[in-house]
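Spelled out, the chains give:
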Amino acid sequence: MTRTYWAAGTAVLLALLFAVAATVASASGGDGGDGSRTSSRAPGLYSPDAGFARDMAVHHQQAVEMSFIVRDRTKDEPVRSLAYDIANTQANQRGMLLGWLDLWGLPKVVADEPPMSWMGSADQHAGHDMAGHDMGGHDMAGHDMGGATAKPGALMPGMATKEELAQLGAAEGRDAEVLYLQLMTDHHKGGVAMARGCAAQCETPAERALAQGMVEAQQSELTLMADMLKQRGAAPRG
């Protein structure tokens, strides 16, 4: 478990360092870190780059919230340490995503943009700019999320509902640990699917690098959390 946890932490650190370096290169018009030149044109309002930044910022915020909740509901040091690292890492990544939106001159919230709409095809992205484009209902059906779907009452795949957050806030000790690990496992699975989408579709090299780093780090943490649940006589949900 220690080796897995170390690997997860290392992947997160390398992803953040690479993304910061790539962001500097992007700002100076240099190489994006993957051999390609970055474009001087900022991503569009409904581009995968902007959509991922907005959605993942929201997704990350809930992970930070859940991690702070469990920190105060258990004295178990491994869980508290994991929660601290997740909160710290995802808060930093969230800051980078919101910073890119500011750099691109784009809003952090778009009223007519359903969650995950950027995960569609290139034709769907272009369709955002077409007159009469129907965005009603915020229906996520048809978006390729690698099998991840949003549960009733949740904004995006993997996100907990208000009721689940309240349940976590009321739990203590082992019950809080198990519920946190189960909720964060679901959260990471949704996050990995989103990050893979950006790694495949986003055009900004720095953002693609960050997304790929998220995939690798969160997959390592999924393995770690499965081990921690097993130690507590529990298992991931679903």
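Here the structure is shown first, and the text comes after it.
Quick summary incoming for the structure in this document. (Residues numbered from 1 in each chain as written. Predicted model: local features only at pLDDT ≥ 70, side-chain atom pairs only at ≥ 80, totals over all residues. Heavy atoms only, no water.)

Remarks on the nonpolar core
Part 1 of the reasoning: Counting 28 residues, the largest nonpolar core has Phe52 and Leu97 as its most contacted members.
Part 2 of the reasoning: Secondary structure elements with two or more residues in this core: helix H2 (48-71), helix H3 (77-104), helix H6 (173-201) and helix H7 (205-231).
Part 3 of the reasoning: Counting residues per element, this core draws most heavily on H3, which supplies 6 residues.
Part 4 of the reasoning: Residues in contact with Phe52, not counting those within four places in the same chain, are Ala57, Leu97, Trp118, Met194, Ala195, Cys198, Cys202, Glu207, Ala211 and Met214.
Part 5 of the reasoning: Ala83, Leu165, Ala176 and Leu181 belong to the second largest nonpolar core, which has 23 residues in total. (Core = buried A, V, L, I, M, F, W, Y, C linked by side-chain atoms within 4.5 Å. Buried < 20%, exposed > 50% of the residue type's maximum accessible area, 1.4 Å probe, protein only. Helix = DSSP H or I, 4+ residues; strand = E, 2+ residues; numbered from the N terminus. Contact = heavy atoms within 4.5 Å.)

Looking at the packing of H2 against H7
Part 1 of the reasoning: Running from N to C, H2 and H7 cross one another at 35 degrees; their axes reach a closest spacing of 11 Å. The way H2 lies across H7 gives a crossing that is left-handed. Residues Asp49, Phe52, Ala53, Met56 and His60 of H2 lie in contact with H7, whose contacting residues are Glu207, Ala211, Met214 and Gln218.
Part 2 of the reasoning: Of the residues belonging to the contact of H2 with H7, the class tally is 5 nonpolar, 2 polar and 2 charged. (Axes fitted to C-alpha atoms, helices over the stretch in contact; angles between N-to-C directions. Left-handed = near helix turned anticlockwise from the far one by under 90°. Nonpolar A, V, L, I, M, F, W, Y, C, P; charged D, E, K, R; others polar.)

Let's talk about the pattern of salt bridges
Part 1 of the reasoning: Under the criterion given, the structure shown has 11 salt bridges.
Part 2 of the reasoning: Taking the shortest distance from any N to any O, the salt bridge between Glu177 and Arg232 comes out at 2.9 Å. With a gap of 55 residues between them, Glu177 in helix H6 and Arg232 in the segment after H7 connect regions that are remote in the sequence.
Part 3 of the reasoning: Here the salt bridges share partners, and the residues they tie into one network are Lys151, Glu164, Asp186 and Arg237. (Salt bridge = Lys/Arg side-chain N within 4 Å of Asp/Glu carboxyl O.)

So, helix H5 (residues 162-170)
Part 1 of the reasoning: Those residues of H5 lying buried are Glu164, Leu165 and Leu168. Burial along H5 is one-sided: seen end-on, the buried residues are contained in an arc of 100 degrees. Those residues of H5 that are exposed and aimed more than 90 degrees away from the buried face are Lys162, Glu163, Ala166 and Ala170.
Part 2 of the reasoning: Tucked into the core, H5 has its buried residues touching H2 and H6. (Arc of directions from axis to C-beta.)

Regarding the environment of Val178
Part 1 of the reasoning: As for its placement among the helices and strands, Val178 is situated in helix H6.
Part 2 of the reasoning: Judged by relative accessible area, Val178 falls into the buried class, the value being 9%.
Part 3 of the reasoning: Expressed as a C-alpha distance, the spacing of Val178 and Leu229, which sit 51 residues apart in the sequence, is 6.3 Å.

Geometric descriptors of this kind do not, in isolation, establish any biological role.
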